[in-house]
Amino acid sequence: MYNTEQKERYFAFRTSESSYTKEALAVVFNKTSDFEKEHDKDVCNFSLEEIIDMYKRMNIVSIDRLKSYHTLLNYYTTWCLNERLINDNQNHFSEIPGVILNDYTNKFALNSKIITREQLLQIINQVTNPRDQFTMIALFEIGKSKDFQELINARFSDISGNFITLSSGRKAKVSDEFVKYAHESDTTMEYWGPTGRKYELVDDGKIIKKYKNTFAEDDFNEGRRIYYALKRVVDLLGLSKWITPNALVESGKIHMIKELAKQHNITPEDVVMRNDLLSEVEKQYNCSIYKSKQSFIKKYKEYLA
């Protein structure tokens, strides 16, 4: 965090007069830190142009989240103004109307439940906890088993190169990003809740670790824990209308089909109709498309173009 002493003074002031926690406030200032270092000044001294540039480069996908950041930074800069900490004695955050903020979000046209890999990585970049980041990319790349058991039981030692051997015995190909997020999840022993509360995690050898005080659960309830954790994340990002576990899996299948089409210089529809190539998709996602090829093509025709 940039200019830590000043930020700590603000945290003490803000938490004493509101329901904000220090941790919740710190999330935003950790986001601004790189830009403050770049300009060699506190964010309260940013010009209007520098604020707009920062918002655009933050690559935020949800207007609600950007509005939340903007409100907090506006309050902070007002406090700095009262403390005589601003060089030109102006709060430039107050110059940006709320209706204009939408222009600074990442507009990748989330108009359906099928997203591209590029969009997925943009979304993951907005997620705070490595455990949730891993869950999202894993669903996209290897699919969803009953009650999420393959994900729940996955260990980092199950990964060899760009392959993972799952608890069911099946072997799936994974990307460098998958391995990266798996490692970060495996080595991170804390989890930040949506209100800024920090939870300790248990090092049980699994990539997706449980809270310290979680009691033993059956398969169904462990699966529910993964589902609701993901739901909280997409709710916070303002993306719950589009992003669900099943949507991530289906998006991953479409991505793989299109990649196979490029490799073999054929159309994505041709991939679905070729049994040898379709079997690669079915093996990767532990699913069955063969008996419903035409229905699959009809359902996702616009994404297979």
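Each remark here, short or long, concerns the structure printed above.
Cut-offs applied
- Residues numbered from 1 in each chain as written.
- Predicted model: local features only at pLDDT ≥ 70, side-chain atom pairs only at ≥ 80, totals over all residues.
- Heavy atoms only, no water.
- Helix = DSSP H or I, 4+ residues; strand = E, 2+ residues; numbered from the N terminus.
- Buried < 20%, exposed > 50% of the residue type's maximum accessible area, 1.4 Å probe, protein only.
- Contact = heavy atoms within 4.5 Å.
- Lys, Arg positive; Asp, Glu negative; His and termini not counted.
- Charge placed at Lys NZ, Arg CZ, Asp CG, Glu CD.
- Core = buried A, V, L, I, M, F, W, Y, C linked by side-chain atoms within 4.5 Å.
- Pairing = 2+ DSSP bridges.
- Salt bridge = Lys/Arg side-chain N within 4 Å of Asp/Glu carboxyl O.
- Expected span 1.5 Å × (residues − 1).
- Arc of directions from axis to C-beta.
- Axes fitted to C-alpha atoms, helices over the stretch in contact; angles between N-to-C directions.
- Parallel < 35°, antiparallel > 145°, perpendicular 65-115°, else oblique.
- Nonpolar A, V, L, I, M, F, W, Y, C, P; charged D, E, K, R; others polar.

Of regular secondary structure, the protein possesses 13 helices and five strands. Based on the C-alpha atoms only, the size of the protein along its principal axes is roughly 70 × 45 × 30 Å. Taking all 305 residues of the protein together, the buried fraction comes to 48%. If you take every contact in the protein between residues at least 6 apart in sequence, the share linking residues at least 24 apart comes to 59%. For the protein, the distance from the average position of its 44 positive side-chain charges to the average position of its 44 negative side-chain charges is 6 Å.

So, on to the nonpolar core. Side chains of nonpolar character tend, in soluble globular proteins, to be buried together. Residues F134, M136, F178 and I243 are the most contacted members of the largest nonpolar core, which totals 58 residues. The contacts of M136, once residues within four sequence positions are left out, are L120, I123, I124, V127, L230, I243 and L248. Core analysis: the second largest hydrophobic core is formed by 27 residues, F11, F46, L72 and C80 among them.

To continue, consider the sheet that holds strand β3 (residues 171-173). With respect to topology, three strands assemble into an open sheet ordered β1-β2-β3, the strand pairing being antiparallel. A strand with exactly one partner marks an edge of an open sheet, and here the two such strands are β1 (159-160) and β3. Bridge analysis of β1 against strand β2 (residues 163-165) gives two bridges, and the strand direction is antiparallel. In the strand pairing of β2, I159 is matched with I164.

Between side chains of opposite charge, pairing is possible as soon as their charged atoms come close. In the structure shown here, the tally under the stated rule is 22 salt bridges. Among the salt bridges present, the one from K7 reaches E36, with a minimum N-O distance of 2.9 Å. In this pair, K7 is assigned in helix α1 (residues 4-17) and E36 in helix α2 (residues 22-39), connecting sequence segments 29 residues apart. For K7, a relative accessible area of 0% translates into the label buried. With its nearest N and O atoms 2.9 Å apart, the salt bridge here joins K253 to E250. Pair noted here: K253 and E250 are both in helix α10 (residues 245-264), with a separation of three residues, about one helical turn. Connected through salt bridges with shared partners, the residues K7, E36 and D42 form a single ionic network.

What follows is about helix α8 (residues 176-187). Taking 1.5 Å of rise per residue, the twelve residues of α8 would be expected to cover 16 Å, and the 17 Å separating its terminal C-alpha atoms lies within 8% of that figure. Where α8 is concerned, the buried positions are F178, Y181, A182, S185 and D186. For α8, the arc enclosing every buried residue in end-on projection is 135 degrees, short of the 170-degree limit, so these residues lie on one face. Buried residues in α8 make contact with α5 (117-124), α6 (130-142), β1 and β2.

Here α1 crosses helix α4 (residues 63-82) at 105 degrees, and the two axes come no closer than 11 Å. Taken together, the axes of α1 and α4 lie roughly perpendicular to each other. Here Q6, K7, R9, Y10, F13 and R14 of α1 come into contact with α4, specifically with L72, Y75, Y76, W79 and C80. A class-by-class count of the residues in the contact of α1 with α4 yields seven nonpolar, one polar and three charged.

The subject of this paragraph is α1. Each turn of an α-helix holds 3.6 residues, which means side chains three or four residues apart point in the same direction. The terminal C-alpha atoms of α1, which comprises 14 residues, lie 20 Å apart, in line with the 20 Å expected from a rise of 1.5 Å per residue. Along α1, the residues that are buried comprise Q6, K7, Y10, F11 and R14. Each buried residue of α1 sits inside an arc of 140 degrees when the element is viewed along its axis, so together they form one side. Structural note: α1 exposes E5 and S16 on the side pointing more than 90 degrees away from its buried face. Buried residues along α1 sit in contact with α2 and α4.

This paragraph deals with the side chain of E141. Assignment of secondary structure puts E141 in helix α6. Apart from the residues within four sequence positions on either side, E141 is in contact with R117, K173, V174, S175, F178, Q284 and Y285.

In this section: unusual backbone geometry. Despite not being glycine, R84 shows a phi value in the positive range, around 60 degrees. Residue R84 is classed as exposed on the basis of its relative accessible area of 74%. At N89, a residue that is not glycine, the phi angle is positive and equals roughly 55 degrees. Tracing the backbone through its elements, the reader meets N89 in the loop between α4 and α5.

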